[in-house]
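One letter stands for each residue in the lines below.
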Amino acid sequence: MKQNFVLKLDVSSNEARVAFQQPVTIPANSELVVYWASIEYTPDADYLGAGFDIQCDLPIRQFTNYITETPSNAPAVELPIILSVPPSEQAEQNASTPGVLPTVAVRVREPHVPVVHDLMNNEQQINSITFKLKDFLNDRQPNYTVSNMAISFCIKTCMCDKNKTSY
C-alpha cells in the first residue's frame, strides 16, 4: 500500500496543518519517503544563510545534535524532523545593500536520493498532520517570517525485516 501526498500549505507562526476529509491509515511498520520541500519566506540581509528543519507529528524517530553554544559532544536529541533544508552554498555572498533584497525568498530541497524514515509504528489512523518549521542550527523558531510551504512525500508499507540484525 502506498499513499502519496503533495501538500501546499499556508504557514502561520511557523506552523502549518492539513486536515483530511477522511482518516488516513498508516500501516504498521511503514516507511515515510520524502521527495522534496519548498519554503517561501521574507528575507533580510543574511537570508542566504537561512536553513530550516521541517518537523511533523508523524511517528518519526530522528536523532540530531544541533550546533549550539553547548559543546559539540552534547548528547543527541530525538526530534521528529521529516526533512532539513540547509542554507545556501552561497551564504557568504549575502546582499550587502538592503535595497537589493528580493521580496520573497524560496529555499528548495530535492535530494538526489529521497529521504526515507522507518516509522516502526503500530497501525494507526490520523485526521491531520501538523508541520513546524525550526531553525536549521538549533531547535528555535526561525528568524524569518515563513508564508508558504510545499512538501511531497509518501507513506508506504515497508517490505523490510525490522528485526534483522545483519545485512
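Before any of the text, the structure's been laid out above.
Residues numbered from 1 in each chain as written. Predicted model: local features only at pLDDT ≥ 70, side-chain atom pairs only at ≥ 80, totals over all residues. Heavy atoms only, no water.

*Asks:* Run through the sheet that holds strand S7 (residues 81-85), naming residues and quoting values.
*Replies:* The antiparallel open sheet is built from 4 strands, whose spatial order is S2-S10-S4-S7. Two strands close off the open sheet at either side, each with one partner strand: strand S2 (15-26) and S7. If you compare each strand with its neighbour and ignore which way they point, the axes differ by 20 degrees on average. Bridging between strand S4 (residues 52-56) and S7 involves 4 bridges; their strand directions are antiparallel. Within S7, the residue paired with isoleucine 54 across the bridge is leucine 83. (Pairing = 2+ DSSP bridges. Helix = DSSP H or I, 4+ residues; strand = E, 2+ residues; numbered from the N terminus. Axes fitted to C-alpha atoms, helices over the stretch in contact; angles between N-to-C directions.)

*Asks:* Mind laying out the pattern of salt bridges, listing which residues take part and the relevant values?
*Replies:* Any two side chains of opposite charge can pair, given that their charged atoms come close. This model, assessed by the stated rule, comprises 1 salt bridge. Across the pair lysine 156 and glutamate 31 runs a salt bridge whose closest N-O atoms are separated by 3.9 Å. Note that lysine 156 is positioned in strand S11 (residues 145-157) and glutamate 31 in strand S3 (residues 30-42), a separation of 125 residues in sequence. When its relative accessible area of 28% is taken as the criterion, lysine 156 is described as partly exposed. (Salt bridge = Lys/Arg side-chain N within 4 Å of Asp/Glu carboxyl O. Buried < 20%, exposed > 50% of the residue type's maximum accessible area, 1.4 Å probe, protein only.)

*Asks:* Describe unusual backbone geometry, naming the residues involved and giving the relevant values.
*Replies:* In the Ramachandran plot, serine 13 falls in the positive-phi region, its phi being about 55 degrees despite a non-glycine side chain. Residue placement: serine 13 occurs in the loop between strand S1 (2-10) and S2. On the basis of relative accessible area, serine 13 is assigned to the exposed category, the value being 66%. Phi at methionine 120 is positive, roughly 50 degrees, even though this residue is not glycine. Following the sequence through the fold, methionine 120 ends up in the loop between strand S9 (115-118) and strand S10 (124-135). Of the residues examined, methionine 120 reaches a relative accessible area of 54% and is grouped as exposed.

*Asks:* Lay out the nonpolar core with the relevant residues and their values.
*Replies:* If you look at the biggest cluster of nonpolar residues, it comprises 37 residues, and the most contacted ones within it are Ile82, Phe131 and Phe153. Elements with a minimum of two residues in this core: S1, S2, S3, S4, S7, S10 and S11. (Core = buried A, V, L, I, M, F, W, Y, C linked by side-chain atoms within 4.5 Å.)

*Asks:* Lay out the side chain of glutamine 3 with the relevant residues and their values.
*Replies:* One can find glutamine 3 in strand S1. By relative accessible area, glutamine 3 is classed as buried at 17%. In this structure the side chain of glutamine 3 is engaged in a polar contact, spanning 2.6 Å, whose partner is the backbone oxygen of threonine 25. (Polar contact = N/O pair within 3.5 Å; in protein donor to acceptor, adjacent residues only side chain to side chain.)

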